[in-house]
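# Working through the structure, step by step
Each chain, written out:
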Amino acid sequence: LYALIILLTVFLSIHVLRTCMADMYHRKAKALEETSLVNIPLSIPYMQKCISLDKSNSAYHFDLGRMFLQLTKTQSNPDEFKRNAVLAAEQFKDAIISNPCSSLAHSGLGVVYNLYRTENHADKLATLNQVQGDKLTAELNKLIKTERNLLNKAVALNPSSYSHNYLAGYVYVKDWNT
């Protein structure tokens, strides 16, 4: 019985220590990010470290996804844009898996879909012939539907959020013809 109590105490101590360490890395990453957007690449390793210590924390995945999303806004290189958009989407998906009720994670993933769709398809639609255009239009409609579903879910989870309602409305107005 004493061995079981000692084992349980050690296990709980390790868990608490990991959680505290993860929180420390999270605070360090947030402090770096808040000083300047230039510091986001410096913040990312801290966020990755805190996720490695506590994979089930939805907020950590969301914050890392948000950082990758911020990096997409500063990228002029299309390959770097795509890489950061994919990394952001992966983190938002992990945040949704950890907490399916996270309106922020649904909204963030919807924004990534919107950025991807805007960056990758706006110029292609104008230049493709009819056969390729139909195939691309089907792909584009699938992206639009996924994006709208994610943003609608964010609004449903947090209907009083101005940003979720704004983003959902923006997507619908922007795509009025589709």
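Residues numbered from 1 in each chain as written. Predicted model: local features only at pLDDT ≥ 70, side-chain atom pairs only at ≥ 80, totals over all residues. Heavy atoms only, no water.

Moving on, we get to the overall build of the protein chain. Along the backbone of the protein chain there are 7 helices and 0 strands. When its helices and strands are written in sequence order, the protein chain yields α-α-α-α-α-α-α. Looking at the protein chain as a whole, 37% of its 178 residues qualify as buried. When contacts within the protein chain are restricted to residue pairs at least 6 apart in sequence, those whose partners lie at least 24 apart make up 58%. Entry remark: accessible area of the protein chain is about 11,000 Å², with carbon and sulfur atoms responsible for 63%. (Helix = DSSP H or I, 4+ residues; strand = E, 2+ residues; numbered from the N terminus. Buried < 20%, exposed > 50% of the residue type's maximum accessible area, 1.4 Å probe, protein only. Contact = heavy atoms within 4.5 Å. Areas by Shrake-Rupley, 256 points an atom, 1.4 Å probe, with all protein chains shown as cover.)

The next point concerns helix α1 (residues 2–35). The end-to-end C-alpha distance of α1 is 50 Å, a good match for the 50 Å that 34 residues give at a rise of 1.5 Å each. Against α2 (40–53) and α3 (58–74) lie the buried residues of α1. (Expected span 1.5 Å × (residues − 1).)

In this section: the confidence of the model for the protein chain. Looking at the protein chain as a whole, its pLDDT mean stands at 82, while 88% of the residues score no less than 70. Taken as a whole, residues 123–132 scores under 50 in pLDDT and shows 6 contacts with residues more than four places along the chain or in a different chain. (pLDDT = per-residue confidence, 0-100.)

In this section: helix α7 (residues 162–174). End to end, α7 covers 18 Å across 13 residues, agreeing with the expected 18 Å (1.5 Å per residue, within 8%). Taken as a whole, α7 has its buried residues at His164, Ala168 and Val171. End-on, the buried residues of α7 take up no more than an arc of 65°, which puts them together on one face. Opposite the buried face of α7, at more than 90 degrees from it, the exposed residues are Tyr162 and Val173. (Arc of directions from axis to C-beta.)

What follows concerns a nonpolar patch on the surface. Together, Leu1, Tyr2, Leu4, Ile5, Ile6, Val10 and Ile14 give the surface a local cluster of nonpolar side chains, amounting to about 810 Å² of exposed area. You can see Leu4 is positioned in helix α1. (Patch = residues over 30% accessible without salt bridge, like charges linked within 9 Å, V, L, I, M, F, W, Y side chains within 5 Å. Salt bridge = Lys/Arg side-chain N within 4 Å of Asp/Glu carboxyl O.)

Topologically, Leu53 is positioned in helix α2. Judged by relative accessible area, Leu53 falls into the buried class, the value being 18%. Put simply, Leu53 and His15 are 38 residues apart on the chain and 9.3 Å apart in space, counted from C-alpha to C-alpha. Non-local contacts of Leu53, meaning those with residues more than four positions away in its chain, are made with Arg18, Met21, Ala22 and Tyr25.

A few words on the packing of aromatic side chains. Using the criterion set out here, one finds 4 aromatic pairs in the structure. Note on Phe62 and Phe92: the rings are 5.6 Å apart at their centroids and 45° apart in plane angle, and the pair reads as tilted. You can see Phe62 sitting in helix α3 and its partner Phe92 sitting in helix α4 (residues 78–98), a full 30 residues away along the chain. A relative accessible area of 1% means that Phe92 is categorised as buried. Grouping aromatic residues by their ring pairs yields a cluster made of Tyr162, Tyr166 and Tyr170. (Phe/Tyr/Trp six-rings, centres within 6.5 Å; stacked < 30°, edge-to-face > 60°.)

Here we come to the nonpolar core. Of all hydrophobic cores here, the largest spans 28 residues; its most connected members are Ile44, Met47, Phe92, Leu109 and Val112. Counting residues per element, the ones that place at least two in this core are α1, α2, α3, α4, α5 (103–127) and α6 (130–157). Considering each element in turn, this core owes the most residues, 7 residues, to α3. Discounting chain neighbours no more than four positions away, the residues touching Leu109 are Ala89, Phe92, Lys93, Ile96 and Leu150. (Core = buried A, V, L, I, M, F, W, Y, C linked by side-chain atoms within 4.5 Å.)

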